Number of protein chains: 2
Amino acid sequence: MKVSPSVEDQPLHGLPLMWLRDNCPCPRCRDPRNGQKLFQITELPDGLALGAVRRTAGGVEVDWAPDGHRSAYSTHWLAANRPGTDPGDRRGETGKTLWTAADLDGRLPEADWTEYLTDPAVKAHVLESVVDLGFALLRAVPCREGQVLEAVRTFGYVRETNYGQLFDVRVEPDPNNLAFTGARITPHTDNPYRDPVPTLQLLHCLSNAASGGDSGLVDGFQAAALLRAEDPEAFAVLTRTPVPFRFSDARTVLEADRPLIDVDGHGRIREVRFNNRSLSTLRLPAAELDAFYRAYRTFAAITLRPGLQLDFRLSPGDCLIFDNVRLLHARTAFEESGARHLQGAYADIDALAGTLAVLHRERAAAGEKFLDGLAELFAGEGAVAYLGERVTMAQHMLQAAARAEEAGAPDALVAAALLHDIGHFEGPVGGEELMAGTDNRHSHTGADRLSDWFGAEVTEPIRLHVAAKRYLCAVEPAYYDRLSAASVYTLKVQGGPMSAPEVAAYEANPYAADGVAVRRWDDEGKDPDASAPDFSHFRPLLTSLLVPLLRTT
Amino acid sequence: MKVSPSVEDQPLHGLPLMWLRDNCPCPRCRDPRNGQKLFQITELPDGLALGAVRRTAGGVEVDWAPDGHRSAYSTHWLAANRPGTDPGDRRGETGKTLWTAADLDGRLPEADWTEYLTDPAVKAHVLESVVDLGFALLRAVPCREGQVLEAVRTFGYVRETNYGQLFDVRVEPDPNNLAFTGARITPHTDNPYRDPVPTLQLLHCLSNAASGGDSGLVDGFQAAALLRAEDPEAFAVLTRTPVPFRFSDARTVLEADRPLIDVDGHGRIREVRFNNRSLSTLRLPAAELDAFYRAYRTFAAITLRPGLQLDFRLSPGDCLIFDNVRLLHARTAFEESGARHLQGAYADIDALAGTLAVLHRERAAAGEKFLDGLAELFAGEGAVAYLGERVTMAQHMLQAAARAEEAGAPDALVAAALLHDIGHFEGPVGGEELMAGTDNRHSHTGADRLSDWFGAEVTEPIRLHVAAKRYLCAVEPAYYDRLSAASVYTLKVQGGPMSAPEVAAYEANPYAADGVAVRRWDDEGKDPDASAPDFSHFRPLLTSLLVPLLRTT
């Protein structure tokens, strides 16, 4: 079933054939409009084998036996999807950050409602927090009834239940649920008697003038992971025992049999249900009941362990979004006479994760558009003369980048060398003004212009590359002697060699050495006879350095 | 942890103490309004032990050590919740009827829309079919756009997705999904790239004039059970391997990692996801990829096995409801020029099962109300004289039932004996008319009156008890001699002893012997000196015989 190694098919060595064929990207196999496969797995022939295998510019082309189908796989796809690089369960514990209250150290993942609505980076931060930490808090959400449904619609769809599209959490005269009393509620998940359980809950605070009624969150995955580490047998019991949950009122009967801790096929935690209120009567054999209750009480004790629970208080306008199959939420008791009114809604995390994925995709598309703009600068403005040097601006920067690449510099420094003079382009003060005696502060302009798209490891060496010239002139007398005539002129405009205190300040900058390195490639990039690759050579490197989405700090 | 056996605590022998205490029904432990528990499992004391244990009229009372809490458990509860009687996973394969097309033999579980809306028994039949078989078909649903949402609202809530509250299945110019083309679609489940996946799908046919476009359903649980029986290793691979499913279009990215076959902690099948179209690239180690693809193709071949798939054609007005984590649905190709328009919606089966449970609960409540009415008849009308006998009507029927009970008769015949003359009450022709020479056909009136609530094993012996008198007079001469004077008189009104053809016809009735048995207890129930229990003695027996909900045939 494996591809046998040979000179011809080396790129496909060790790849399972059925897998390879199932992933054929040709338009007969995959609908180009939506990426859906157009065949059933049973339609692939038995006895699948490679016929001719040819290397191509972008990858490898295969003629399949016995049916003669032709598939082309790009080098990029083959690298990205190499067997053995399973990313794991997107919904489970893999890749999520498990936490205790101390880990968060009072820093709630939060955002202002208006910023959340208007800034994709803020929105991505909130949604990522829900996926990664299991919750986020929106602040200053308008205190209007029904607003919680608007909050859901910013990332997904309301899961309507017998409680309605939304539910009011306040004291009710004849409550059908403990939530609608003033009683203390210990950490729990909601609706374990539903199957599928809603994977998200939102709680929007409209008023909270009552004494008490504070909120708490416990990371149920963390609690379950602690149980697994401390008492593997109890963990095993809770993952394999379906528990009957039940809710019943005048209009509804809901029942579900699910384990307290659900794991995937690899044993990774993926769902927690924890709610003694609606845990109905188990009817396992007596010995299993004993084992279950022992495990259950051990797990319950962990969820109540000091330090696990994050405590905070919802204020009017706060809207908490949390993963209802991961986080346990709790509430202290409150005076039933005090006004306390939350509106809640259920939703599902798949749509939230999908909205986040679209934000990332849009960000990536905008990044490529930004790189398109840089490419145009290199081809347009960049083709003009560079401030008295014998190379164009584009040649200068491409040479600097080439020297950095040749020196084996990290990608970020190659990018910094490539883009170090980008501030000369379209800046508020052009290069001509600099030559006429005005510092255009092009290092800062360039760094600022790039900071939406590249991290500090790219922008800060750029920001320092002029200071690095002044620094080197101060500490390395031979350096000054090697400067080009134009550089000597602009050095004066830029402030001359550094004073001793300026040198000390420069050396304290964590990017000081990187700034010097870029400076030296800058100085080397002024040779009219030197060759350098063009911008497209560096573009994949730039793409890999694009910051996915800005996070709020 | 177990209760030690002794004379005092015998009813609790062998019951796990923590389980017993967790199920304390007292109002401090359980909110009487909704049955929710009012304590957390960690609040129960360590070292739990029984103090005093007392038998009571209804069960047993316990004083708990160390905290002195008192619990009372009814005999009924202890019997109903005995450890070791686990009913299994309500969502999984347990208790469901797995099928092949041959098993259904062309009989689709179906109902007329108007009857479904107006007759709770028809509605229960439809909902039970969805739970048990995985699908049902509503006929003559109004062909209005959006009607499918009305259908969902009869049992639950719409699961809105990126496709909207509903989606149109018809040919679209630039389809984002294969469903919106005329292509053949092999058996699959929908939305495996969602987590949680919608557990129900509805498809409402508005028009189907196209050539082709027929529907098929395959019981995915059946297919998975066949795989488990035929290739346990392949089954194990598919249950433990999370598969990346993915869907992406201009506005959406959805991803989920779930196994093709999900089992519960006891290995019982509970969910099937099957859709090669959206199965994305697995990145398991190569050996696991080989094993997965082998298992996947084996399973896929089973789903296509002749005989598994139920084929039918949706006509305008048909609305198919099916379990989307159990049943695979398919469609033959159709001419894109022919008009074919379905509207679909997603929903969840927990609410459907809850609606069914409420119907059953309402039925049980109505049954108890019916028995209340019977109790009133025994106490009111029943207290009057019985057609010239020296006992009252109530005494007569209670004596007949008591004689049946003493004879060890099955419950149904005790009930038949108890209720055999119920047709004399409030009938169109009263007992007085019978004595005045008009047959009131009270045996039929009674059987008909009871037929909404009791099965044929109760009603048919009642229906036959007058014919049985005529039969016995024909075949057993000594019987006639033992009749009471009133019975001799009414025999004439009822037609006298049977003729030979009538005897043969009587004997052909499957309930002939039961009718004779009731008749003999009827004759024995006319002794003014005999004692008999009162109606309340028989009530639990009647409750146990109540037909849960009438099914359509």
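Our structure's up above, just so we're on the same page.
A brief look at the structure comes next. Since the structure is predicted, the reported quantities are computational estimates derived from the model, not experimental observations. (Residues numbered from 1 in each chain as written. Chains lettered and ligands numbered in written order. Predicted model: local features only at pLDDT ≥ 70, side-chain atom pairs only at ≥ 80, totals over all residues. Heavy atoms only, no water.)

### Regarding the overall build of chain A
Helix and strand content of chain A: 20 helices and 17 strands. Against the globule reference of 24 Å for 553 residues, chain A gives a C-alpha radius of gyration of 31 Å, more extended than a compact globule. Once the C-alpha set of chain A is aligned to its principal axes, its extents read approximately 90 × 70 × 40 Å. Here chain A holds 553 residues, and 58% of them are scored as buried. (Helix = DSSP H or I, 4+ residues; strand = E, 2+ residues; numbered from the N terminus. Rg over C-alpha atoms; globule rule 2.2 N^0.38 Å. Buried < 20%, exposed > 50% of the residue type's maximum accessible area, 1.4 Å probe, protein only.)

### Things to note about the pairing of strand 1 (residues 49–55) of chain A
Residues and elements named next belong to chain A. The sheet contact formed by strand 1 and strand 2 (residues 59–65) spans 5 bridges and is antiparallel. By the bridge assignment for strand 2, Ala-49 is matched with Ala-65. The loop that links strand 1 with its antiparallel partner strand 2 comprises 3 residues. (Pairing = 2+ DSSP bridges.)

### Description of the sheet that holds strand 15 (residues 319–323) of chain B
Residue and element names in this part refer to chain B. A sheet is described by the order of its strands in space; here 6 strands give the open sequence 4-5-15-8-17-6, paired in mixed fashion. Each edge of the open sheet is held by one strand with a lone partner, namely strand 4 (110–112) and strand 6 (167–169). Within the sheet, the average angular offset between the axes of one strand and its neighbour, ignoring direction, is 25°. Two strands pair when backbone bridges link them, and strand 4 and strand 5 (residues 135–139) are joined in this way by 3 bridges, in the parallel orientation. Residue pairing across strands places Asp-112 opposite Arg-139, the latter belonging to strand 5. (Axes fitted to C-alpha atoms, helices over the stretch in contact; angles between N-to-C directions.)

### Some points on the relation of the copies chain A and chain B
Screw-axis analysis of chain A against chain B gives a translation of 0.1 Å along the axis, an RMSD of 0.3 Å, and a rotation angle of 180°. A rotation of that kind, with that shift, is consistent with a two-fold axis. Of the interface residues in chain A, 99% have counterparts in chain B that sit at the interface too, so the contact is made through matching surfaces. (Least-squares fit on C-alpha atoms with pLDDT ≥ 70 in both. Contact = heavy atoms within 4.5 Å.)

### Here's the deal with the packing of aromatic side chains
A complete count under the given rule lists 32 aromatic pairs over all chains for this structure. Pairing B:Trp99 with B:Phe135 gives two aromatic rings, centres 5.5 Å apart and planes at 55°, and the pair type is tilted. Note that B:Trp99 is positioned in the loop between helix 2 (75–80) and helix 3 (101–104) and B:Phe135 in strand 5, a separation of 36 residues in sequence. One aromatic cluster is present, formed by A:Tyr163, A:Phe167, A:Tyr193, A:Phe247 and A:Tyr346 through successive ring pairs. (Phe/Tyr/Trp six-rings, centres within 6.5 Å; stacked < 30°, edge-to-face > 60°.)

### Points about the interface of chain A and chain B
Every contact between the two is made by 100 residues of chain A and, on the other side, 99 residues of chain B. Roughly 8400 Å² of surface becomes buried between chain A and chain B when both sides are summed, with 49% attributable to carbon and sulfur atoms. Contact with chain B buries area across many residues of chain A, yet A:Gln36, A:Arg283 and A:Arg297 alone supply 10% of it, more than any other trio. Counting every contact that joins chain A to chain B gives 6 salt bridges. For B:Asp46, the salt bridge identified is with A:Arg297, shortest N-O distance 2.6 Å. On the surface where chain A and chain B come into contact, there are 43 residue pairs in polar contact (both at pLDDT 80 or more). Considering every element that reaches the side of chain A that touches chain B, the biggest residue donor is helix 9 (residues 286–303) of chain A, with 8 residues. For the side of chain A that touches chain B, the residue count by class is 42 nonpolar, 25 polar and 33 charged. (Buried area = accessible area lost by both parts, 1.4 Å probe. Salt bridge = Lys/Arg side-chain N within 4 Å of Asp/Glu carboxyl O. Polar contact = N/O pair within 3.5 Å; in protein donor to acceptor, adjacent residues only side chain to side chain. Nonpolar A, V, L, I, M, F, W, Y, C, P; charged D, E, K, R; others polar.)

### A short note on the pattern of salt bridges
When charged atoms on two side chains of opposite charge get close, those side chains can pair. Under the criterion given, the structure shown has 66 salt bridges over all chains. Measuring nitrogen to oxygen at the nearest pair gives 4.0 Å for the salt bridge that ties B:Arg273 to B:Asp195. Pair noted here: B:Arg273 is in the loop between strand 13 (269–272) and helix 9 (286–303) and B:Asp195 is in the loop between strand 7 (185–188) and strand 8 (200–208), with a separation of 78 residues, a long-range link. B:Asp195 matches B:Arg273 in its accessibility class, with the two residues each being buried. Residues participating in the shared-partner salt-bridge network are A:Asp195, B:Arg258, B:Asp262, B:Arg270 and B:Glu271.

### Comments concerning the pairing of strand 13 of chain B
Residues and elements named next belong to chain B. Pairing geometry for strand 12 (residues 261–263) and strand 13, over 3 bridges, is antiparallel. Counterpart to Val-263 in the pairing with strand 13 is Ile-269. Taking the residues between adjacent antiparallel strands as the criterion, strand 12 and strand 13 are bridged by 5 residues, where Gly-267 takes a positive phi near 85°.

### As for the environment of A:Arg159
Mapped onto the elements of the fold, A:Arg159 is located in the loop between helix 6 (147–153) and strand 6 (167–169). Residue classification places A:Arg159 among the buried positions, given a relative accessible area of 5%. Here the alpha-carbon distance between A:Arg159 and A:Ser74, two residues 85 residues apart in the chain, equals 41 Å. For A:Arg159, the contacting residues outside a window of four places in its chain are A:Pro196, A:Val197, A:Pro198, A:Thr199, A:Tyr346, A:Ala347, A:Asp348, B:Arg159, B:Pro196 and B:Asp348. Separated by 3.2 Å, the side chain of A:Arg159 and the backbone oxygen of A:Val197 make a polar contact.

### A closer look at the sheet that holds strand 8 (residues 200–208) of chain A
Residues and elements named next belong to chain A. Taking strand neighbours across the sheet as the criterion, the 6 strands line up as 4-5-15-8-17-6 in an open arrangement whose pairing is mixed. Every other strand in the sheet has two partners, leaving strand 4 (110–112) and strand 6 as the edge strands with one partner each. Looking at each pair of strands side by side, their axes are set apart by 25° on average, direction ignored. Of the strand pairs in this sheet, strand 5 (residues 135–139) and strand 15 (residues 319–323) are connected by 4 bridges, and their pairing is antiparallel. Bridging across to strand 15, Leu-137 finds its partner in Leu-320. Contacting strand 4, strand 5, strand 8 and strand 15, helix 5 (residues 120–132) runs over the sheet at an angle of about 140° to strand 5.

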